[in-house]
Amino acid sequence: MHGLINRSVQNYVTDTFGHDVWGQVTGSADLGFTDFEAMMTYEDDVTTRVIDALSLVTSRPRHDLLEDIGTYLVSTPKLEGVRRLLRFGGVTFEEFLLSLDDLPDRARLAVSDLDLPELEMDERASGCFELLCRSAVSGFGYVFVGMLRVIADDYGALVLLDHETGNDGVEKVFITLVDKDFAQGRQFDLGARVG
Amino acid sequence: MNNVQLNAMMDVLCPMHVLLEKDGTISHAGPTVQKICPPDRLVGSSFFDLFAVKRPKGIRNIEALRRRAGSKLHISLRDDPDSDLKAVLVPYDIDNGKVVINLSFGISILDGVRTYALSNADFAATDLAIEMLYLIEAKSAAMDASRQLNLRLQGAKIAAEEQAFTDTLTGLKNRRALDHVLTRLVSTQASFAVMQIDLDFFKAVNDTFGHAAGDHVLQAVAQIMVEETRNADTVARVGGDEFTLILPNVGSEQMLLSIGDRLIERLENPIKFQGNPCNISASIGTVWIQEGHMLDAKDILADADMALYQSKNAGRSRQTLFQKTDIVAPSIWAD
């Protein structure tokens, strides 16, 4: 996976558990280095090894950690840019959900070698969405669960989220939009300067 | 279609448009224009009271403007002369001389959005403005990450080069660095001196007190050489107990010889290691190259080696200055 993703995982671990834990994780994952470069690409199994090692070192289940990573990605002030880029997807939460189909293409526009997991968004019934996620890193769908929870909050929408892994390894995230105007939501200033 | 329907349609399709009467009076303004102009002064005002046509030049009234129908115009706001909007005029009611002018921020979209605090809703759903803003932000973030990587790589490169030119035990330059300096001086045909220095009795220190003592002595020797030379001089360790000094801008033979004397004198002071005095000395062979010479680096080092050999043969602990004439005589200044 791309260095931007791996580096984000590294930032999540050091910010949440500290540098010592990150040291143990890189050792246990047998990386041979301690810092990911954001603008380089790495083999997919490197990311898998890091997640497995993190689960081992912290004694927390993988899906728990992956969901946490998703939450971290869009809520840490350090990565304000990620939240903003996602918010460009739509004016309302529903519009945003439907824009997820284009997310991998949008990401490639910015960084041409950034390959995100393949995403497919379906509106099953009014207010019921299903996000299909095909990733080389199993459990990556949980990252979207964590992300969607924060972004829904950002839009002021109340949602229920569910995750399921099919036999073929394709993950599904079920999104039920309970109330699209549940809360005020956060302002999105189009022209904000992001440090 | 009546006026109300027309206005409603235009507000959705082109939220940044104005409708003008035959005399150039604004009869309707789209919702986004109302954000960038004082809304109370819009309808009823003359277009030219609020906007100026920057290009093409010389358009100051509605008749001139009408003649430019269909082609691209550059327009600024009277209240903000630096602003740069793109615009196009189209007649929509030819009998009555009514026209529509549609505006856009063009490349200044980011400034526009910031100045007037615009949101997604201020642009038509089909307008690429939001995608443009997305790209600006995404590309800036990516460039920033790349720049940081470049800075780190630059730092690593400098560190690696620094290491590759340095003798890790003494911190002096190594043979690679020496070759580098020598090649440069030879190519400019400058005047400089090369001093080959071999430590005397160093093997005895190693044999008697061990390698740790030897390493300590080499570090002390390096320290002395650095202290006894100028910043512009190059001090290199080129072998186990072999050193080479390159001294540019040498004023006189006397100056060279006094450097050699000082070095030998200081190196002969016993160097303490774990309480034991380590006694060494040095043999030196020096060659002084005059400006405009036609020598190559190999010859220069060979000449310095020959002078060094003479010092050793003559009983060590002394220096010899290489003479161009046939036989090299050991100098009598040392000892």
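Rules behind the numbers
Residues numbered from 1 in each chain as written. Chains lettered and ligands numbered in written order. Predicted model: local features only at pLDDT ≥ 70, side-chain atom pairs only at ≥ 80, totals over all residues. Helix = DSSP H or I, 4+ residues; strand = E, 2+ residues; numbered from the N terminus. Buried ≥ 20, exposed ≤ 12 C-beta atoms within 10 Å, placed from the backbone. Contact = placed C-beta atoms within 7 Å. Expected span 1.5 Å × (residues − 1). Pairing = 2+ DSSP bridges. Axes fitted to C-alpha atoms, helices over the stretch in contact; angles between N-to-C directions. Nonpolar A, V, L, I, M, F, W, Y, C, P; charged D, E, K, R; others polar. Parallel < 35°, antiparallel > 145°, perpendicular 65-115°, else oblique. Left-handed = near helix turned anticlockwise from the far one by under 90°. Core = buried A, V, L, I, M, F, W, Y, C linked by C-beta atoms within 7 Å.

A word on the overall build of chain B
(1) Moving on: Scanning chain B from terminus to terminus reveals 11 helices and 13 strands.
(2) Moving on: Each of the 335 residues in chain B was classed as buried or not, and the buried ones make up 33%.
(3) Moving on: Put simply, of all contacts in chain B between residues at least 6 apart along the chain, 52% involve residues at least 24 apart.

Focus on the overall build of chain A
(1) Moving on: Scanning chain A for helices and strands turns up 8 helices and 4 strands.
(2) Moving on: Ordered by position in the sequence, the α and β elements of chain A form the string α-α-α-α-α-α-α-β-β-α-β-β.
(3) Moving on: The buried share of chain A, taken over its 195 residues, is 34%.
(4) Moving on: In chain A, of all internal contacts separated by at least 6 residues, the share reaching a separation of at least 24 is 61%.

Considering the environment of S45 of chain B
Residue and element names in this part refer to chain B.
(1) Moving on: When you line up the elements, S45 lands in the loop between helix 2 (33-36) and helix 3 (47-50).
(2) Moving on: Look at S45 and you get partly exposed, because 18 C-beta atoms sit within 10 Å.
(3) Moving on: It is 8.4 Å that separates the C-alpha atoms of S45 and G24, two residues lying 21 residues apart in sequence.
(4) Moving on: Setting aside chain neighbours within four positions, we find S45 in contact with I26 and L50.

A word on helix 8 (residues 141-155) of chain A
All names here are of chain A.
(1) Moving on: Taking 1.5 Å of rise per residue, 15 residues should cover 21 Å, and helix 8 covers 21 Å from first to last C-alpha, within 8% of that figure.
(2) Moving on: Within helix 8, 12 of the 15 residues are buried, leaving the element largely enclosed by the surrounding structure.
(3) Moving on: The elements touched by buried residues of helix 8 are helix 4 (62-75), helix 5 (80-87), helix 6 (93-99), strand 2 (128-134), strand 3 (158-165) and strand 4 (171-179).
(4) Moving on: Immediately beyond the C-terminal end of helix 8, within one or two residues, lies G156, with a positive phi of roughly 80 degrees.

Observations regarding the pairing of strand 3 of chain A
Residue and element names in this part refer to chain A.
(1) Moving on: Here 8 bridges tie strand 3 to strand 4, and the two strands are oriented antiparallel to one another. Counted as the bridge partner of L158 is D179 from strand 4.
(2) Moving on: Count of turn residues in the strand 3/strand 4 antiparallel hairpin: 5 residues, of which G169 carries a positive phi of about 85 degrees.

A look at the sheet that holds strand 8 (residues 234-237) of chain B
Residues and elements named next belong to chain B.
(1) Moving on: Strand order in the open sheet made by the 5 strands is 8-9-7-12-13, with mixed pairing throughout. Only two strands of the sheet have a single partner each, and these edge strands are strand 8 and strand 13 (319-321). Adjacent strand axes in the sheet meet at a mean angle of 15 degrees when their direction is disregarded.
(2) Moving on: Note: strand 7 (residues 192-200) against strand 9 (residues 242-248), 7 bridges, orientation antiparallel. By the bridge assignment for strand 9, M195 is matched with L245.
(3) Moving on: Along the sheet, helix 11 (residues 297-313) makes contact with strand 7, strand 12 (281-289) and strand 13, crossing strand 12 at roughly 140 degrees.

Considering the interface of chain A and chain B
(1) Moving on: Contacts between chain A and chain B engage 14 residues on the former and 19 residues on the latter.
(2) Moving on: Taken together, the residues of the side of chain A that touches chain B break down into 10 nonpolar, 2 polar and 2 charged.

Here we look at the sheet that holds strand 1 (residues 118-125) of chain A
Within a sheet, adjacent strands bond to each other through the backbone by hydrogen bonds, running parallel or antiparallel.
All names here are of chain A.
(1) Moving on: Pairing within the open sheet is antiparallel, and its 4 strands lie in the order 1-2-4-3. For this open sheet the edge positions go to strand 1 and strand 3, each flanked by a neighbour on one side alone. For this sheet the average axis-to-axis angle between neighbouring strands, irrespective of direction, equals 20 degrees.
(2) Moving on: Where helix 8 meets the sheet, its contacts fall on strand 2, strand 3 and strand 4, and the angle it forms with strand 3 comes to roughly 180 degrees.

Notes on the packing of helix 2 (residues 19-28) of chain A against helix 3 (residues 44-58) of chain A
Residue and element names in this part refer to chain A.
(1) Moving on: At a minimum axis distance of 8 Å, the contact between helix 2 and helix 3 shows a crossing angle of 125 degrees. Between helix 2 and helix 3, the interaxial angle falls into the category oblique. Crossing hand, helix 2 versus helix 3: right-handed. Together, V21, Q24, V25 and S28 of helix 2 and V50, A53, L54, L56, V57 and T58 of helix 3 make up the contact between the two elements.

Some points on the nonpolar core
(1) Moving on: In terms of nonpolar packing, the biggest core is built from 82 residues, with I69, F144, L148 and I151 of chain A together with V18, L20 and L133 of chain B touching the most fellow members.
(2) Moving on: The leading source of residues in this core is helix 8 of chain A, at 9 residues.
(3) Moving on: With sequence-adjacent residues up to four places away left out, L20 of chain B is seen in contact with T25, I26, S27, F47, I62, K98, V99 and I101 of chain B.
(4) Moving on: Grouped together as the second largest cluster of nonpolar side chains are 43 residues, L178, V235, L256 and I259 of chain B included.

A closer look at the pairing of strand 1 (residues 17-20) of chain B
Residues and elements named next belong to chain B.
(1) Moving on: By the alternation rule, side chains of strand 1 split into H17 and L19 and V18 and L20, which are all buried.
(2) Moving on: Alignment of strand 1 against strand 2 (residues 26-29), held across 3 bridges, turns out to be antiparallel. Counterpart to L19 in the pairing with strand 2 is H28.
(3) Moving on: From the end of strand 1 to the start of strand 2, which pair antiparallel, there are 5 residues, and G24 there has a positive phi angle of about 90 degrees.

Focus: unusual backbone geometry
Residues and elements named next belong to chain B.
(1) Moving on: A cis geometry characterises the amide bond from R55 onward to P56, with omega recorded as -10 degrees.
(2) Moving on: The topology assignment puts P56 in the loop between strand 3 (51-55) and helix 4 (62-66).
(3) Moving on: Even without being glycine, Q189 reaches a positive phi, approximately 55 degrees.
(4) Moving on: Exposure remark for Q189: the 13 C-beta atoms within 10 Å place this residue in the partly exposed category.

Structural notes on the environment of A38 of chain A
(1) Moving on: Note on placement: A38 of chain A falls in the loop between helix 2 and helix 3.
(2) Moving on: Take A38 of chain A: there are 21 C-beta atoms within 10 Å of it, and that puts it in the buried class.
(3) Moving on: Residues A38 of chain A and R7 of chain A lie 31 residues apart in sequence; the distance between their C-alpha atoms is 5.6 Å.
(4) Moving on: With near-sequence residues (within four places) excluded, A38 of chain A lies in contact with G3, L4 and R7 of chain A together with A145 and L149 of chain B.

A closer look at the packing of helix 5 (residues 109-116) of chain B against helix 6 (residues 129-164) of chain B
Residue and element names in this part refer to chain B.
(1) Moving on: Two elements in contact, helix 5 and helix 6, have axes whose closest approach is 10 Å; the angle formed by their N-to-C orientations is 100 degrees. Relative to helix 6, helix 5 is oriented roughly perpendicular. Contacts from I109, L110 and V113 of helix 5 reach helix 6 at A129, M132, L133 and I136.
(2) Moving on: By residue class, the composition of the contact of helix 5 with helix 6 is 7 nonpolar, no polar and no charged.

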